[in-house]
Amino acid sequence: MKGRNMTRWRDPAKDPRQEPKSNLITAEGAERLRGILDHLSRVKRPALSAKVGEAAALGDRSENADYTYNKKELNRVIARIRYLTKRLDELQVVDRLPADTDKVFFGAFVTLEDEEGEELRIRIVGHDETDTAKRWISVDAPLARALLGKTLDDDVTVKAPAGDTTYIVTEITYRDPTAGAR
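The text that follows walks through the structure, step by step, so that each part is easy to find.

Definitions and limits used
Residue positions within a chain follow its written sequence, with the count starting from 1. pLDDT decides what is reported in this predicted model: residues at 70 or higher carry local features, side-chain atom pairs at 80 or more are listed and counted, and totals for whole chains, interfaces and linings draw on all residues regardless. Hydrogens and water molecules were not included; the side-chain quantities draw on all heavy atoms of the structure. Think of it this way: any DSSP run of H or I at least four residues long counts as a helix, any run of E at least two long counts as a strand, and we number them from the N terminus. Think of it in three bands: with a 1.4 Å probe and only protein chains considered, a residue is buried below 20% of the maximum accessible area for its type, exposed above 50%, and partly exposed in between. Two residues qualify as a contact provided that any one of their heavy atoms is within 4.5 Å of a heavy atom in the partner residue. Nine residue types can take part in a nonpolar core, namely buried Ala, Val, Leu, Ile, Met, Phe, Trp, Tyr and Cys, and a core is a set of them joined through side-chain atoms within 4.5 Å. All axes are obtained by fitting lines to C-alpha atoms, using only the stretch in contact for helices, and the reported angles, taken between N-to-C directions, cover 0 to 180 degrees. Convention used here: angles under 35 degrees read as roughly parallel, angles over 145 as roughly antiparallel, angles from 65 to 115 as roughly perpendicular, and any remaining angle as oblique. Here is the rule for handedness: rotate from the far helix to the near one, and if that takes an anticlockwise turn smaller than a right angle the crossing is left-handed, while a clockwise turn gives right-handed. When residues are grouped by polarity, Ala, Val, Leu, Ile, Met, Phe, Trp, Tyr, Cys and Pro land in nonpolar, Asp, Glu, Lys and Arg in charged, and all others, Gly among them, in polar. Grid spacing is 1 Å over the protein atoms alone, the probe is 1.4 Å, and a cavity is where that probe fits but cannot get out, while a pocket is an open set with protein on both sides within 12 Å along at least five of seven lines and lining residues have an atom within 4 Å of a point. Grid points are joined across faces, edges and corners, and a volume is the space filled by probe spheres set on the points. We define a salt bridge as a side-chain nitrogen of Lys or Arg found within 4 Å of a carboxyl oxygen belonging to Asp or Glu.

A look at the side chain of Ser22
Looking at where Ser22 falls in the secondary structure, it is placed in the segment before strand E1 (24-26). Exposure remark for Ser22: the relative accessible area of 17% places this residue in the buried category. Not counting residues within four places of it along the chain, the set of residues in contact with Ser22 comprises Arg87, Val139 and Asp140.

A look at the nonpolar core
As a rule of thumb, nonpolar side chains are buried together in soluble globular proteins. In terms of nonpolar packing, the biggest core is built from 21 residues, with Val104, Val110, Leu112, Ile122, Leu143, Leu147 and Val169 touching the most fellow members. At the level of secondary structure, the elements contributing two or more residues to this core comprise strand E3 (108-114), strand E4 (119-125), helix H3 (142-147), strand E6 (155-158) and strand E7 (165-174). Per-element tally for this core: the top contributor is E7, with four residues. What Val110 contacts, discounting residues up to four positions off in sequence, is Val104, Leu120, Arg121, Ile122, Leu147, Val169 and Glu171. Counting 16 residues, the second-largest nonpolar core is a separate cluster that includes Leu33, Leu48, Leu88 and Leu91.

With respect to the packing of helix H1 (residues 27-57) against helix H2 (residues 65-90)
Two numbers describe how H1 lies on H2: the axes approach to 9 Å, and their chain directions differ by 155°. Here H1 is positioned roughly antiparallel relative to H2, judged by the angle of their axes. For the pair H1 and H2, the sense of crossing is left-handed. Its residues placed into classes, the contact of H1 with H2 shows 16 nonpolar, four polar and eight charged.

Concerning empty space enclosed by the protein
Within the structure shown, the criterion is met by one cavity of 30 Å³ or more. When its volume is computed, the largest cavity comes out at roughly 110 Å³. Lining the largest cavity are 13 residues; nearest its centre among them are Val94, Arg96, Gly107, Arg175 and Pro177.

A closer look at the pattern of salt bridges
In the structure shown here, the tally under the stated rule is eight salt bridges. The salt bridge partner of Arg87 is Asp128, with a shortest N-O separation of 2.9 Å. Residue Arg87 is located in helix H2, and its partner Asp128 is located in the loop between E4 and strand E5 (136-138); the two are separated by 41 residues in the primary sequence. Shared partners join several salt bridges into a network, and the residues in it are Glu28, Arg123 and Arg175.

A short note on the environment of Leu148
Relative to the helices and strands, Leu148 resides in the loop between H3 and E6. Once residues within four sequence positions are removed from consideration, Leu148 is found in contact with Val104, Phe105, Phe106, Ile124 and Val139.

Keep in mind these numbers describe shape, not what the thing actually does.
Written out as structure tokens, the structure is:
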């Protein structure tokens, strides 16, 4: 049996996609998701609905590429709106600094130094706001899990496919959630 819904079988006990994701998000991350939801709801969906209506008014829908494309795009936008609405209800916004800012917690900017002296600056954020270009990693990532609760000059060993990597925590900073996004 072949089809687009057929995938290879994965053992649920070992499948990383089955691991529970944390429902934490920073205040600026939640604001960004609300902005996306607002744009999709107020701008994108009405515009696509109008395009679908115009294309449907032209007649035969079975051979109308404009209708087919815009209808698929509208369904994709509606699904994204539904997902974001549900996800925003589940999320817990972390909108304050931790009591002890000398330790690594959610939302921290952490500078690490590896064994060769190379520096790596990361931020621990929620699953929905990870960004490899900015080096924002999920709180569920192995490196973030290893860092949580650490202080300055602590050694952190992370298991990686290429072997264990050891880092030293050289700096811990936090952005004030009430200051807004930078």
